[in-house]
Amino acid sequence: YAIARFDVPDPDYPFNLRTVYASGATGFLYQGMSSWSGSAPTGCGPCGTAMRTRVTQVANDLANQPQFIPWRERAARFGLGSSIALPLSLGNERAVLSIYDRHPFGFDDATVAGLETVAREVEFAAAHVRSLQRLEESLDGTISALAHMTETRDPYTAGHQNRVGRLGAAIGCELGLDAALVKLIRQSGELHDVGKIAIPSEILTRPGRLSPLEFEMVREHPTVGAEILARASLPWPI
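Keep in mind the model is a prediction, meaning the values are calculated, not measured.

Draft legend 1. The arrangement of helix H8 (residues 221–230) in detail. If you check which residues of H8 are buried, you get His221, Gly225 and Leu229. Buried residues of H8 fall within an arc of 70° about the axis and therefore sit on the same side. At its buried positions, H8 is contacted by helix H5 (179–191) and helix H7 (212–219).

Encoded structure:
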């Protein structure tokens, strides 16, 4: 195809559409060329109508289609004959995938059905990415809650776990480790003392010397922490 473009509502200009990605003969596109206002000529074309109605719009003869008048001469200059605009729902946000063919009547029923299947796949993929992002946010929240719970029982070392996580991540960056591993190191640092939750608070906060038995209990906290985290649904290296 000659062009493929993704448009979303422009947050800075009400009812304008903003192209966030395009490929092909992108010289055809220009800022502010489309809107999704039903009262504006630029909103009655395929892209704006698809955004507004959430119904696929096929324009198989750009040279003669009345709705395409604002862009007719430009389309002829770039050798565009037909187009399709497919509405997308990305969570609560709207988007439109527009595709242009150099030939008139480039979008028959079978092609439209195939491209609508592609659009549904795009929606599914976007939802999957968003669910992964929510899962990561939930994981970070769980780790922070566990770290905070540990520190409330041992105020003497409050902030220590977070500092270990930040220092570890900084060293990882300096070593040139990849971003995912650096993040894992930070999370692991934030949790490395979680086993202290099994130690009585009167031992953790005692200002004097510990007895040999109490000291042995404190020394067990890495093992306890590993057992706790082994039962949690966290990425395995943690």
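Moving on from the model shown.
Draft legend 2. Spotlight on helix H4 (residues 160–174). Taking 1.5 Å per residue as the helical rise, H4 with its 15 residues ought to reach 21 Å, and the 21 Å between its terminal C-alpha atoms agrees with that figure. Restricting attention to buried positions, one finds in H4 the residues Gln161, Gly165, Gly168, Ala169 and Gly172. Buried residues in H4, looked at end-on, bunch into an arc of 100°, giving them a common side. The outward face of H4, more than 90 degrees from its buried face, is lined by the exposed residues Arg166, Leu167, Ile171, Cys173 and Glu174. On its buried side, H4 packs onto helix H3 (109–153) and H5.

Draft legend 3. Main features of the side chain of Glu123. Along the polypeptide, Glu123 turns up in helix H3. The exposure class assigned to Glu123 is buried, which follows from its relative accessible area of 18%. Reaching out from Glu123, the side chain makes a polar contact with the backbone nitrogen of Ser89 at a distance of 2.7 Å. Beyond its immediate stretch of four places on either side in the chain, Glu123 contacts Pro87, Leu88, Ser89 and Leu90.

Draft legend 4. Focus on the side chain of Asp101. Positionally, Asp101 belongs in strand E5 (residues 93–101). No salt bridge forms around the buried Asp101; measuring N to O, its nearest opposite-charge neighbour Arg102 is 7.4 Å away. For Asp101, the side chain forms a polar contact with the main-chain nitrogen of His103, separated by 2.7 Å. Setting aside residues up to four positions removed in sequence, Asp101 forms contacts with Tyr1, Leu80, Gly81, Ser82, Gly106 and Phe107.

Draft legend 5. The arrangement of the environment of Gly172 in detail. As for its placement among the helices and strands, Gly172 is situated in helix H4. Of the residues examined, Gly172 reaches a relative accessible area of 1% and is grouped as buried. As a C-alpha pair, Gly172 and Arg186 span 14 residues in sequence and 9.1 Å in three-dimensional space.

Draft legend 6. Spotlight on the environment of Glu123. Between the C-alpha atoms of Glu123 and Ser144, which are 21 residues apart in sequence, the distance is 32 Å. Polar contacts involving the side chain of Glu123 include one to the side chain of Arg120, which spans 2.8 Å.

Draft legend 7. Main features of the packing of aromatic side chains. Throughout the structure, instances matching the rule amount to five aromatic pairs. Aromatic side chains Phe28 and Phe78 sit 5.9 Å apart centroid to centroid with 75° between the ring planes, which places their arrangement in the edge-to-face category. Linking Phe28 in the loop between strand E2 (17–24) and helix H1 (46–53) with Phe78 in the loop between helix H2 (72–77) and strand E4 (82–90), this pair joins segments that are 50 residues apart in sequence. A centroid spacing of 5.3 Å and a plane angle of 55° characterise the contact between Phe68 and Trp71, whose relative ring orientation is tilted.

Rules used in this analysis
Residues numbered from 1 in each chain as written. Predicted model: local features only at pLDDT ≥ 70, side-chain atom pairs only at ≥ 80, totals over all residues. Heavy atoms only, no water. Buried < 20%, exposed > 50% of the residue type's maximum accessible area, 1.4 Å probe, protein only. Helix = DSSP H or I, 4+ residues; strand = E, 2+ residues; numbered from the N terminus. Arc of directions from axis to C-beta. Contact = heavy atoms within 4.5 Å. Expected span 1.5 Å × (residues − 1). Polar contact = N/O pair within 3.5 Å; in protein donor to acceptor, adjacent residues only side chain to side chain. Lys, Arg positive; Asp, Glu negative; His and termini not counted. Salt bridge = Lys/Arg side-chain N within 4 Å of Asp/Glu carboxyl O. Phe/Tyr/Trp six-rings, centres within 6.5 Å; stacked < 30°, edge-to-face > 60°.

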